[in-house]
Amino acid sequence: MNASPDILCIGSVLWDVIGRSSRAMRQGSDVPGHITRLPGGVALNIAMTLARFGLTPALLTAIGRDAEGDELIAACAARGLITDTVYRSEDLPTDRYMAVEGANGLIAAIADAHSLETAGAKILRPLTDGTLATTDDPYPGLVALDGNLTLELLREIATSPVLAQADLRVAPASPGKAERLAPFLNESRGTLYVNLEEAGLLCQRAFDSAPDAAHGLIERGADRVLVTDGGDMAAEGTKDGLITHTPPQVLVTRVTGAGDTFMAAHIAAEGRGADRETALSDALTAAAIYVSGKTPG
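Bear in mind the structure is a predicted one, so any value in this text is a computation, not a measurement.

(A) Inspection of the overall build of the protein chain at higher detail. Looking only at helices and strands, the protein chain features nine helices and 14 strands. Relative to the 2.2 N^0.38 estimate, which gives 19 Å for 297 residues, the radius of gyration of the protein chain is 18 Å and therefore close to what a compact globule would have. By principal-axis analysis of the C-alpha atoms, the protein chain measures approximately 50 × 50 × 35 Å. A total of 297 residues make up the protein chain; the buried ones form 53% of that total. Excluding contacts between residues fewer than 6 apart, the proportion of contacts in the protein chain whose partners are at least 24 apart in sequence is 66%. Carbon and sulfur atoms provide 48% of the accessible area of the protein chain, an area that totals close to 13,200 Å².

This is the structure we're talking about:
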């Protein structure tokens, strides 16, 4: 590697295909809009935002040795990300994500992360082969992890001695994969970044607000949690207490990637030495800037 990473981003790195319309939509809508293809995936969205805040992330993921994979590797390198740590598969295609968004928010999305799931523990080889760490010399730094990995691999990460000294920051890839984060509750490991729906799925109960959800997750064993609720109050909680903050009100023009931006901005703020209240406020502001259509950082 040409540079030493400030943080490892483990999880999905793929192509986002997003269709957006300025009109409100419902099931069966057929409206004009714009379709874009951009580098995406939870781990990559976090890494790109961290890079804009001046950090150097390394990617641990699976990307195919197809034309789309070569394009994606080049796009990541151009954004200042370390790609030497990526597992390149000869027989697995590069993953993709497809979403449709209207003026009323996300209408539907499909995440095809099958190659990442199939690659499994192969993406973690740099943590044991000496590239980043070894079994005898565990990785001690920051790690951003997403729930696109299999439950088996997430359970391994939550208990692995290779990452026992790491500062784990964990997010589900989507509400449909929120329950995969259960090992981090069971082991009281890491900082969990979830929205209100994801918190409810993890705790198997409904919550009325982010503070209620944060309390519920701590009671279930979480070490530290950050819970967002769109434009409503967000909360950050530990066993020692809870803080809350309401995000700035903005006109929403996009939603895909907002949670990843929030998480990256929070990590970056704490990296600058911000206290809990300031870090939460900065992260909510960055997410608000993002959903308004601008670029934070």
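(B) Geometry of the state of the cysteines. This structure, assessed with the given rule, holds zero disulfides. No disulfide involves Cys-76; its nearest neighbouring cysteine sulfur is the one of Cys-9, lying 10 Å away.

(C) Expanded view of the pairing of strand S8 (residues 105-112). Relative to S8, strand S7 (residues 96-102) runs antiparallel, the two being bridged by seven bridges. Counterpart to Arg-96 in the pairing with S8 is Asp-112. Where S7 folds back on S8, the antiparallel hairpin that results is connected by two residues.

(D) Molecular detail of helix H1 (residues 42-52). In terms of residue burial, H1 counts as a mostly covered element, since nine of its 11 residues are buried. Buried residues of H1: Val-42, Ala-43, Leu-44, Asn-45, Ile-46, Ala-47, Met-48, Thr-49 and Leu-50, and no others.

(E) Focus on the packing of aromatic side chains. Tallying each qualifying case throughout the model produces one aromatic pair. Ring plane angle 70° and centroid distance 6.3 Å describe the contact between Tyr-193 and Phe-262, whose orientation is recorded as edge-to-face. Remark: Phe-262 occurs in helix H8 (residues 258-271) and Tyr-193 occurs in strand S11 (residues 191-195); sequence separation between them is 69 residues. Relative accessible area serves as the criterion here: at 5%, Tyr-193 is assigned to the buried category. Overall, Phe-262 belongs to the buried group, its relative accessible area being 5%.

Scoring rules and cut-offs
Residues numbered from 1 in each chain as written. Predicted model: local features only at pLDDT ≥ 70, side-chain atom pairs only at ≥ 80, totals over all residues. Heavy atoms only, no water. Helix = DSSP H or I, 4+ residues; strand = E, 2+ residues; numbered from the N terminus. Rg over C-alpha atoms; globule rule 2.2 N^0.38 Å. Buried < 20%, exposed > 50% of the residue type's maximum accessible area, 1.4 Å probe, protein only. Contact = heavy atoms within 4.5 Å. Areas by Shrake-Rupley, 256 points an atom, 1.4 Å probe, with all protein chains shown as cover. Disulfide = S-S within 2.5 Å. Pairing = 2+ DSSP bridges. Phe/Tyr/Trp six-rings, centres within 6.5 Å; stacked < 30°, edge-to-face > 60°.

Bear in mind that shape data such as this cannot, by itself, settle questions of function.
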